[in-house]
Amino acid sequence: MNDLSPVIAADKAHVWHHLSQHKQYETIDPRVFVEGKGMRLWDATGREFLDGVSGGVWTVNVGYGRESIANAVRDQLLKLNYYAGAAGTVPGAIFAQQLIEKMPGMSRVYYSNSGSEANEKVYKMVRQIAARHYGGKKWKILYRDRDYHGTTIGTLATSGQDQRAMQYGPYPDGFVRVPHCLEYRKQWDVENYGERAADAIEEVILREGPDTIGALVLEPVTAGGGVITPPEGYWQRVQEICRKYDILLHIDEVVCGVGRTGMWFGYQQYGIEPDFVTMAKGVASGYAAISCTVTTERVFDMFKDDASDPMGYFRDISTFGGCTSGPAAAIENMRIIEEEGLLDNCTRMGARLVGNLNALMERHRIIGDVRGKGLFCGAELVADRATKEPADEKKVQAVVADCMAQGVIIGATNRSVPGFNNTLCLSPALISTESDIDALTDAIDGALTRVFG
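This structure is a prediction, so every number in the text was calculated from the model and none was measured.

The helix and strand inventory of the chain stands at 14 helices and 16 strands. Taken over the C-alpha trace, the chain has a radius of gyration of 22 Å; the compact-globule value for 453 residues is 22 Å, and the two agree within 12%. In terms of overall dimensions, the chain has C-alpha extents of about 65 × 60 × 45 Å along its principal axes. When the accessible surface of the chain is split by element, carbon and sulfur atoms take 52% of a total near 19,700 Å². Between the averaged position of the 47 positive side-chain charges in the chain and that of its 58 negative side-chain charges there is a distance of 2 Å.

Written out as structure tokens, the structure is:
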């Protein structure tokens, strides 16, 4: 189609966009993307953009236009497109084996089709374990302030981002919040902040009663709550606490998983041994819908200890967890990451990105803190470095808009934590080059100058 105006009109008239206030589209047209190649996107008007957020929500890890993934999906769909997860498929078995090889200590893969669903499966597993093995006692699930685990009612009950959860309650019982670990905004004046932040989790456990707590769910690096990397000593103490009180540790890798931090999984940066790991976005880089809930054999065994009990197994199904396109795409996605050395590239380009952002911090007092891991970085904007007063949210969004006007797409925390939607977010594809990274930070440099002076 040479004239895409009918497509734009159809979108404007009929599509309900995510994360969007549609009042604006009464006077302007929505942006419709048409094509992507590598790190670049083109919209329906022909404008080119450098994508610094991997598809808007940190997903397209290996970049756009990967013909080999498209071919792998096509070939698999012609052979067998679907069978429910009650039986196996060839790509499902092969990818599960390849995935487990990257995750020492883990052994079982449960397929579904979104990060929210993957996390919901864990919550159901924890509740069923409580019912069958603890007399119903260890049923509560702890979650952390500023973390986010999905958009269903169940996962929103564990949203540490209050604005994400507003107006969708009341929520089910048994989900209990623990404090965040952002050292830049200290809650305790101590020397070893990481251990103290972890000890705060133990305080909640003791308050609630250890015999009531079944699991703790955490992001390895908090994503939409401000790109928060954990302080030194935090994860080691968290692991100790979970083992001390027999609490299952659930690591939500929906954002960080499959290369985003420079290792296959974010938790592997910190030497954690989880009981559950969930993943979605980067598993197939958006070429097909897939998510995985991965468990240890110990967890798996809790659901097959009594074959005579008709209620003893995990009585769950995900309809589209049976699609073969997901694991077929994931197998090829993993091959690309390995053969092109994208984990190493992520580490190198991530260091360049952090270095560039720190250089911007020296020129722009509006940047109060730079943090991140691999190609997942944030720059928190503050009105005053001494008081750390957050920058005005409208001005933060103006920086994002200015970059977009330059043809560069970046993100910012948005409708997440009241008063603290002030962090610019960057998650470019793992294929990023030095010139890509420099173009991203050059755009931010110009935007900060125009918006804040």
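And the narrative resumes.
This part is about the side chain of Asp275. Looking at the element boundaries, Asp275 is found in the loop between strand S8 (248–252) and strand S9 (276–279). Judged by relative accessible area, Asp275 falls into the buried class, the value being 13%. Here the side chain of Asp275 touches Leu249 through a polar contact of 2.8 Å, landing on its backbone nitrogen. In contact with Asp275, other than residues within four places in its own chain, are Met106, Ile247, Leu248, Leu249, Val294, Thr295, Thr296, Arg298 and Val299.

All told, the structure shown has 0 disulfides when counted by the stated rule. With no disulfide partner, Cys256 has as its closest neighbouring cysteine sulfur the one in Cys346, 10 Å distant. The cysteine Cys292 is free of any disulfide, with Cys323 supplying the nearest cysteine sulfur at 13 Å. The exposure class assigned to Cys292 is buried, which follows from its relative accessible area of 0%.

It is a general feature of regular strands that their side chains alternate between the two faces of the sheet. What you see with strand S2 (residues 40–43) is a clean split: Leu41 and Asp43 sit on the buried side and Arg40 and Trp42 on the side with no burial. With 4 bridges connecting them, strand S1 (residues 33–37) and S2 associate as antiparallel partners. Along S2, the bridge assignment pairs Gly36 with Leu41. In this structure, the hairpin formed by S1 and S2 is closed by a connection of 2 residues, where Gly38 is found at a positive phi of approximately 65°. In this structure, S2 lies alongside strand S3 (residues 48–51), joined through 3 bridges in antiparallel fashion. Across the sheet, the residue bridging to Trp42 is Glu48, located in S3. Between S2 and S3, which pair antiparallel and follow one another directly, the connecting turn spans 4 residues, one of which, Gly46, has a positive phi of 95°.

Here we come to helix H8 (residues 193–208). Helix length check: H8 (16 residues) gives 23 Å between terminal C-alpha atoms against 22 Å at 1.5 Å per residue, within 8%. At its buried positions, H8 is contacted by strand S5 (140–144), strand S6 (175–178), strand S7 (213–218) and helix H9 (234–244). Immediately downstream of H8, the backbone of Gly209 shows phi near 105°, a positive value.

Moving on: the sheet that holds strand S10 (residues 291–295). Pairing in this open sheet of 7 strands is mixed, and the strands run S4-S10-S9-S8-S7-S5-S6 from one edge to the other. Unpaired on one side and paired on the other, strand S4 (108–112) and S6 mark the two borders of the sheet. Here the average twist between neighbouring strands, direction ignored, is 20°. Note that S5 and S6 share 4 bridges and pair parallel. What sits directly across from Ile141, in S6, is Phe175. Docked against the sheet, helix H4 (residues 90–101) engages S4, S9 and S10, running at close to 130° with respect to S4.

Let us look at helix H5 (residues 115–133). Compared with an ideal rise of 1.5 Å per residue, which puts 19 residues at 27 Å, H5 spans 27 Å between its outermost C-alpha atoms and is within 8% of the ideal. Phi turns positive one or two residues past the end of H5, at Gly135, with a value near 60°.

All chains considered together, the criterion is met by 38 salt bridges. A salt bridge links Glu208 to Arg207; its shortest N-O distance comes to 3.0 Å. For Arg207, a relative accessible area of 57% translates into the label exposed. Salt-bridge contacts for Arg352 lead to Asp438; the nearest nitrogen and oxygen are separated by 2.9 Å. On the criterion of sequence distance, the pair formed by Arg352 in helix H12 (residues 342–363) and Asp438 in helix H14 (residues 434–452) is long-range, its members being 86 residues apart. On the basis of relative accessibility, which here comes to 22%, the residue Asp438 falls in the partly exposed class. Salt bridges linked by common partners bring Asp199, Glu202, Arg237, Glu240 and Lys244 together as one network.

This next bit is on the sheet that holds S2. Working definition: the strands of a sheet are paired by backbone hydrogen bonds and lie parallel or antiparallel to each other. Strand order in the open sheet made by the 4 strands is S1-S2-S3-S14, with mixed pairing throughout. Only two strands of the sheet have a single partner each, and these edge strands are S1 and strand S14 (408–409).

That bond from Gly169 to Pro170 is cis: its omega, 5°, falls within 30 degrees of zero. Within the secondary structure, Pro170 sits in the loop between helix H7 (162–165) and S6. For Trp58, which is not glycine, the phi torsion reads 60° and is therefore positive. Tracing the backbone through its elements, the reader meets Trp58 in helix H2 (residues 54–58). Despite not being glycine, Arg415 shows a phi value in the positive range, around 50°.

A few words on the packing of aromatic side chains. The final tally for this structure, using the stated rule, is 9 aromatic pairs. Ring geometry for Trp188 against Tyr193: centres 5.7 Å apart, planes inclined by 45°, an arrangement best described as tilted. Overall, the relative accessible area of 18% leaves Trp188 in the buried class. When its relative accessible area of 1% is taken as the criterion, Tyr193 is described as buried. Taking 6.1 Å as the distance between ring centres and 25° as the angle between the ring planes, the aromatic pair formed by Phe265 and Tyr267 counts as stacked.

Here is what the cut-offs are and how they apply
Residues numbered from 1 in each chain as written. Predicted model: local features only at pLDDT ≥ 70, side-chain atom pairs only at ≥ 80, totals over all residues. Heavy atoms only, no water. Helix = DSSP H or I, 4+ residues; strand = E, 2+ residues; numbered from the N terminus. Rg over C-alpha atoms; globule rule 2.2 N^0.38 Å. Areas by Shrake-Rupley, 256 points an atom, 1.4 Å probe, with all protein chains shown as cover. Lys, Arg positive; Asp, Glu negative; His and termini not counted. Charge placed at Lys NZ, Arg CZ, Asp CG, Glu CD. Buried < 20%, exposed > 50% of the residue type's maximum accessible area, 1.4 Å probe, protein only. Polar contact = N/O pair within 3.5 Å; in protein donor to acceptor, adjacent residues only side chain to side chain. Contact = heavy atoms within 4.5 Å. Disulfide = S-S within 2.5 Å. Pairing = 2+ DSSP bridges. Expected span 1.5 Å × (residues − 1). Axes fitted to C-alpha atoms, helices over the stretch in contact; angles between N-to-C directions. Salt bridge = Lys/Arg side-chain N within 4 Å of Asp/Glu carboxyl O. Phe/Tyr/Trp six-rings, centres within 6.5 Å; stacked < 30°, edge-to-face > 60°.

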